[in-house]
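# What the coordinates show
Below are the chains, spelled out letter by letter.
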Amino acid sequence: MSRDLKNNVTAVQTLAPAEYDTTADGAAVDLANYSSAMVVIAAGTATGTNPSFTFEIQHSDSSGSGYTAVDDADLDGTEPVITGGNDEAVYKIGYKGTKRYLRANIKTVGGTDTPTLPCSALVILGSPRKAPK
């Protein structure tokens, strides 16, 4: 079994790198064949007056519908509310739930003068049920 990290995790994009100025749903990430997952949100510089971007981790049994917010008990860490005071950072949130699909979501955008946030989100899948040799 290979013990290096690269061969034992998979990174899947859920929110594509972009400058977001409105709510956005990330793409579904299939957790099948993995026993652990973590969402990583990378944020750039928030612009506008009093910008505020609330993130939510959502899960579902189906890839195309039925997404709901993950209960706090099924998260290791807190979903960020990114403002001008805590932007330019990386946020990690572990997932302990049992649903098959996971995604990151920009739930609300607040502020004036067209608040924007360059960001992206990945789901890191770990503990593969069949590890490489």
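Rules used in this analysis
Going along each chain's sequence as written, the residues are numbered from 1 onward. Local features in this predicted model are restricted to residues of pLDDT 70 or higher, and side-chain atom pairs are both shown and tallied only at a pLDDT of 80 or more, whereas totals for entire chains, interfaces and linings draw on every residue. The side-chain values count all of the structure's non-hydrogen atoms but skip hydrogen atoms and water molecules. When DSSP finds two or more bridges between two strands, those strands count as paired. Helix numbers and strand numbers start at the N terminus; a helix is a DSSP run of H or I with at least 4 residues, a strand a run of E with at least 2. Only rings of Phe, Tyr and Trp enter the pairing, Trp through its six-membered ring, and a pair is recorded when the two centres are within 6.5 Å. The plane angle decides the type: under 30 degrees is stacked, over 60 is edge-to-face, the rest tilted. Placement of a charge over a ring requires the Lys NZ or Arg CZ to be within 6 Å of the ring centre, with the centre-to-atom vector within 35 degrees of the ring normal. Accessibility here uses a 1.4 Å probe with only protein chains present; expressed as a share of the type maximum, an area under 20% marks a residue as buried, one over 50% as exposed, and anything in between as partly exposed. When charges are counted, neither His nor the chain ends are considered; positive counts come from Lys and Arg and negative counts from Asp and Glu. Salt bridges, as used here, are contacts in which a Lys or Arg side-chain nitrogen is within 4 Å of a carboxyl oxygen on Asp or Glu. Counting of polar contacts relies on pairs of N or O atoms within 3.5 Å, with two restrictions inside protein: one atom must be capable of donating a hydrogen and the other of accepting it, and residues adjacent in sequence are counted only when both atoms are side-chain atoms. Two residues form a contact once any of their heavy atoms are found within 4.5 Å. Residues belong to one nonpolar core when they are buried, are Ala, Val, Leu, Ile, Met, Phe, Trp, Tyr or Cys, and are joined through side-chain atoms within 4.5 Å.

## A look at the pairing of strand β5 (residues 47-60)
Side chains on a regular strand alternate between the two faces of the sheet. In this sheet, strand β10 (residues 101-128) lies alongside β5 in antiparallel orientation, the contact comprising 11 bridges. Bridge pairing in β10 links Phe53 to Val109. Bridge count for β5 against strand β8 (residues 81-83) is 3 bridges, and the pairing is antiparallel. Each bridged residue has a counterpart across the sheet, and for Ser52 the counterpart in β8 is Thr83. Of the pairings in the sheet, the one linking β5 to strand β6 (residues 68-69) comprises 2 bridges and is antiparallel in character. Bridge assignment links Gln58 to a residue of β6, and that residue is Ala69.

## Here's the deal with the packing of aromatic side chains
Counted according to the given criterion, the structure contains 0 aromatic pairs. Over the ring of Tyr67 we find Arg103, and its NZ or CZ is 3.9 Å from the ring centre.

## Focus on the side chain of Glu79
Along the chain, Glu79 falls in the loop between β7 (75-76) and β8. Here Glu79 sits buried without a salt bridge, and the closest side chain of opposite charge, Lys107, lies 8.1 Å off (N-O distance). A distance of 2.8 Å separates a polar atom in the side chain of Glu79 from the backbone nitrogen of Ile57. What Glu79 contacts, discounting residues up to four positions off in sequence, is Phe55, Glu56, Ile57, Asp72 and Ile93.

## Focus on the environment of Asp71
Positionally, Asp71 belongs in the loop between β6 and β7. Looking at Asp71, the relative accessible area reads 52%, which means it is exposed. In this structure, the C-alpha to C-alpha distance between Asp71 and Val39, residues 32 residues apart in sequence, is 15 Å.

## Things to note about the nonpolar core
Counting residues in each nonpolar core, the largest one holds 27 residues, and the members touching the most others are Phe55 and Leu102. Counting residues per element, this core draws most heavily on β10, which supplies 8 residues.

## Structural notes on the pattern of salt bridges
Taken as a whole, this structure holds 4 salt bridges when the rule is applied. With a closest N to O distance of 3.7 Å, Asp25 and Arg103 form a salt bridge. With Asp25 in strand β2 (residues 24-25) and Arg103 in strand β10, the pair connects residues that are 78 residues apart, well separated along the chain. Here Glu56 makes a salt bridge to Lys107, at a shortest N to O gap of 3.4 Å. Highlighted residues: Glu56 in strand β5 and Lys107 in strand β10, separated in sequence by 51 residues. The class of Lys107 is partly exposed, set by a relative accessible area of 45%.

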